[in-house]
Amino acid sequence: MNPAEELAEVKRREAEFRLKTVQEFLAFGARDREQRRQIDALNDELGERNSYIHRLHGEREDFVRREQAAFADVEAFTHLLATAEAEAAAARAELARLRAPRGWRRWFASKSAAARDPAALPAGDGPAPAASFVAVPAGDFIYYLHTPPFRLYRAASFTLRGWALPRDARPVTGVRVRIGGREFIGETGLEEPGVLAQHGPQPANPRPGFSVTFATPPGRHHLSLEAQLDHRDWLAVLTTPIWCQVPPSP
Amino acid sequence: MSSADAHARWEGSTSKLGERSEYKRIWNRQAQDYDTAALAVAGHTDEATLDLTARGTVDMLRATVGIEPTDLILEIGCGIGRVAGRLSQECLHWFGADISGAMLGHAAGRLKARPNITLVELSTVGLGEFPDDSLDLVYCTVVFMHLLEWDRYRYVQEAYRVLRPGGRAYFDNVPLDTEHGWSVFTASARYPFARRPAHISMTSTREELRTYLAKAGFDAARIHDLANGFIAATGTKPVAPAGPDGSSAEPAV
């Protein structure tokens, strides 16, 4: 091989080496761009999923707000109904008194009994006979019941679950339901992460959930859901008349 | 498809002048089918004429910058690969780069039998897909007339970067100061304002091309008058590294 041929061979080999380098660079660049494209696509997908999750969170909050508003409406209507029924019962009693001879004596006697025990409800068609019911003062709570008590009770027992936060930020140390002269102690300190997310940290009540199971004997009763604050006072979270039917035969 | 149909489709595929910088979209749009693409980049569709003009381009390259059998050659804006079939027979490897992936799709169809050809879609104006100091010859023909001046210079700079020391560069355009160039200029000037298309031909001056090459760092910049009425600017990337006296081979920008 003469020097000119040798030089040509060197040039050829050098060019082939550069060609290989360029092709590897192009292949690497193509792979890099493909990976970037995939990363971009995944980021886009992630963004869309995050938007969807954000929308679902918003919808869930909206549903919770609407559910709580409906809960408040049902509670208000139940009290209106109870008041109307008490007024109707009083009107019927008045009517009976006017129709019956010497009716005024019995009317006077019932009025006297009511004056002695204001918590006692009228008998007969009235909301609830509860001679042993002694009302506790109403407390000021933010609360919500996952199993609303405003219903017709058809089972032998019922579990009331929900959460309650005293507005004065005292700790809730107990919860009970009183119904039909009986008292049912419930469980407190249950996790409610959604409540903390909505209302912020609650140092006195980091787990504001509770659960109380109580018996529902047939008839009309006065239900009082009560919370004990700081191991001392029992305060009413909610009082409402309820109606319980005889459980169906098995 | 008749020639009239192809022309009508091509005219329907053009974009407005204000969109001239959107090269990828404009040229992809003009490459919707092979005939439209061929008309857009070469002005005709038959293979015989394409091959004839390719031979003319190879002859111009041979006469101005030379072609070596060991050359790694890059064409900027190769379109449908008009020149590649001929030129790839005279070099070690031919790279065709274009900003339009659709144009490269047609090129791939035309050139699939060639073993020493690589087609590369450019992501944007520039040659970022190619490594530094790697190629022997970079050329760009019948492309500058469709580019804005800043983008012409960008490709000159990038050619300098990817050429190995001693590598050669070639850029051509329609000159303003020849009869042919002036006819192109006045034909473009006659377009109604609202109908000037994005790809409309814009001429260069000799001084413009000479300045680009000098500012990019090329040595031995020359302007050639070509037989087809174009001018070509050629230059060589210096072999010597930058000197301390300012007579540097490095780019002046």
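The coordinates are above.
Residues numbered from 1 in each chain as written. Chains lettered and ligands numbered in written order. Predicted model: local features only at pLDDT ≥ 70, side-chain atom pairs only at ≥ 80, totals over all residues. Heavy atoms only, no water.

### Details of the overall build of chain B
The helix and strand tally for chain B stands at nine helices and seven strands. Considering chain B as a whole, with its 253 residues, one finds that 53% of them fall into the buried category. Considering only residue pairs separated by 6 or more positions, chain B has 67% of its internal contacts joining residues 24 or more positions apart. By element, 55% of the accessible surface of chain B is carried by carbon and sulfur atoms, the whole surface being about 10900 Å². (Helix = DSSP H or I, 4+ residues; strand = E, 2+ residues; numbered from the N terminus. Buried < 20%, exposed > 50% of the residue type's maximum accessible area, 1.4 Å probe, protein only. Contact = heavy atoms within 4.5 Å. Areas by Shrake-Rupley, 256 points an atom, 1.4 Å probe, with all protein chains shown as cover.)

### Here's the deal with the nonpolar core
Ranked by size, the top nonpolar core spans 54 residues in total, and within it Leu74, Phe130, Leu135, Val156, Phe171 and Phe218 of chain B carry the most contacts. Not counting the four nearest positions on each side in its chain, Val156 of chain B is found in contact with Phe144, Phe171, Tyr212, Leu213, Ala216 and Phe218 of chain B. One finds Trp163, Val177, Ile242 and Cys244 of chain A within the second-largest nonpolar core, a separate group that totals 30 residues. (Core = buried A, V, L, I, M, F, W, Y, C linked by side-chain atoms within 4.5 Å.)

### Some words on the packing of helix α7 (residues 149–162) of chain B against helix α9 (residues 206–216) of chain B
Residue and element names in this part refer to chain B. Across the interface, α7 lies against α9 with an axial gap of 9 Å and an inter-helix angle of 40°. Comparing their axes, α9 and α7 come out oblique. Seen along the crossing, α7 lies across α9 with a hand that is right-handed. Here Glu149, Arg152, Tyr153, Val156, Gln157 and Tyr160 of α7 come into contact with α9, specifically with Glu208, Tyr212, Leu213, Lys215 and Ala216. (Axes fitted to C-alpha atoms, helices over the stretch in contact; angles between N-to-C directions. Parallel < 35°, antiparallel > 145°, perpendicular 65-115°, else oblique. Left-handed = near helix turned anticlockwise from the far one by under 90°.)

### Some thoughts on unusual backbone geometry
The phi angle at His231 of chain A is positive, at roughly 60°, despite the residue not being glycine. For His231 of chain A, the location among the structural elements is in the loop between β8 (219–229) and β9 (233–244). Notably, Asp133 of chain B is not glycine yet its phi reads approximately 50°, a positive angle. When its relative accessible area of 40% is taken as the criterion, Asp133 of chain B is described as partly exposed.

### Comments concerning the pattern of salt bridges
Applying the stated criterion across every chain, the model contains 36 salt bridges over all chains. One salt bridge connects Glu121 of chain B with Lys24 of chain B, and the closest N-O pair in it is separated by 2.7 Å. Of this pair, Glu121 of chain B sits in strand β3 (residues 117–121) while Lys24 of chain B sits in helix α2 (residues 23–29); the two residues are 97 residues apart in sequence, bridging distant segments of the chain. Glu121 of chain B sits in the partly exposed class, given a relative accessible area of 38%. With a relative accessible area of 25%, Lys24 of chain B lands in the partly exposed category. Three or more residues are tied together by salt bridges with common partners; here these are Glu14 and Arg18 of chain A together with Asp136 and Arg164 of chain B. (Salt bridge = Lys/Arg side-chain N within 4 Å of Asp/Glu carboxyl O.)

### A word on the sheet that holds strand β1 (residues 141–145) of chain A
All names here are of chain A. A sheet is described by the order of its strands in space; here four strands give the open sequence β1-β3-β7-β6, paired in antiparallel fashion. Whereas interior strands pair on both sides, the edge strands pair on one side only; in this sheet they are β1 and β6 (187–190). Averaged over all pairs of adjacent strands, the angle between strand axes in this sheet comes to 30°, irrespective of strand direction. In the packing of helix α1 (residues 3–99) onto the sheet, contacts are made with β1 and β3 (157–166), and the angle to β1 comes to roughly 100°. (Pairing = 2+ DSSP bridges.)

### Let's talk about the pairing of strand β7 (residues 231–236) of chain B
Residue and element names in this part refer to chain B. Of all six residues in β7, five are buried; the element is thus mostly enclosed. Two elements, strand β5 (residues 163–173) and β7, share six bridges in a ladder whose sense is antiparallel. In the sheet register, Tyr170 faces β7, and the bridge partner there is Thr234. As paired elements, strand β6 (residues 219–225) and β7 share five bridges and run antiparallel to each other. Looking across to β7, one finds that Asp225 is bridged to Ile231. Where β6 folds back on β7, the antiparallel hairpin that results is connected by five residues, among which Gly229 adopts a positive phi of roughly 90°.

### A look at the packing of helix α3 (residues 34–42) of chain B against helix α6 (residues 101–110) of chain B
All names here are of chain B. Packing of α3 against α6 brings their axes to within 10 Å, and their N-to-C directions diverge by 105°. One element, α3, and the other, α6, form an angle in the roughly perpendicular class. Contacts between α3 and α6 pair Tyr34, Ala37, Ala40 and Val41 from the former with Met103, His106 and Arg110 from the latter. Within the contact of α3 with α6, the residues separate by chemical class into five nonpolar, one polar and one charged. (Nonpolar A, V, L, I, M, F, W, Y, C, P; charged D, E, K, R; others polar.)

### Quick notes on the environment of Arg33 of chain A
Residue placement: Arg33 of chain A occurs in helix α1. With near-sequence residues (within four places) excluded, Arg33 of chain A lies in contact with Leu26 of chain A together with Glu129 of chain B.

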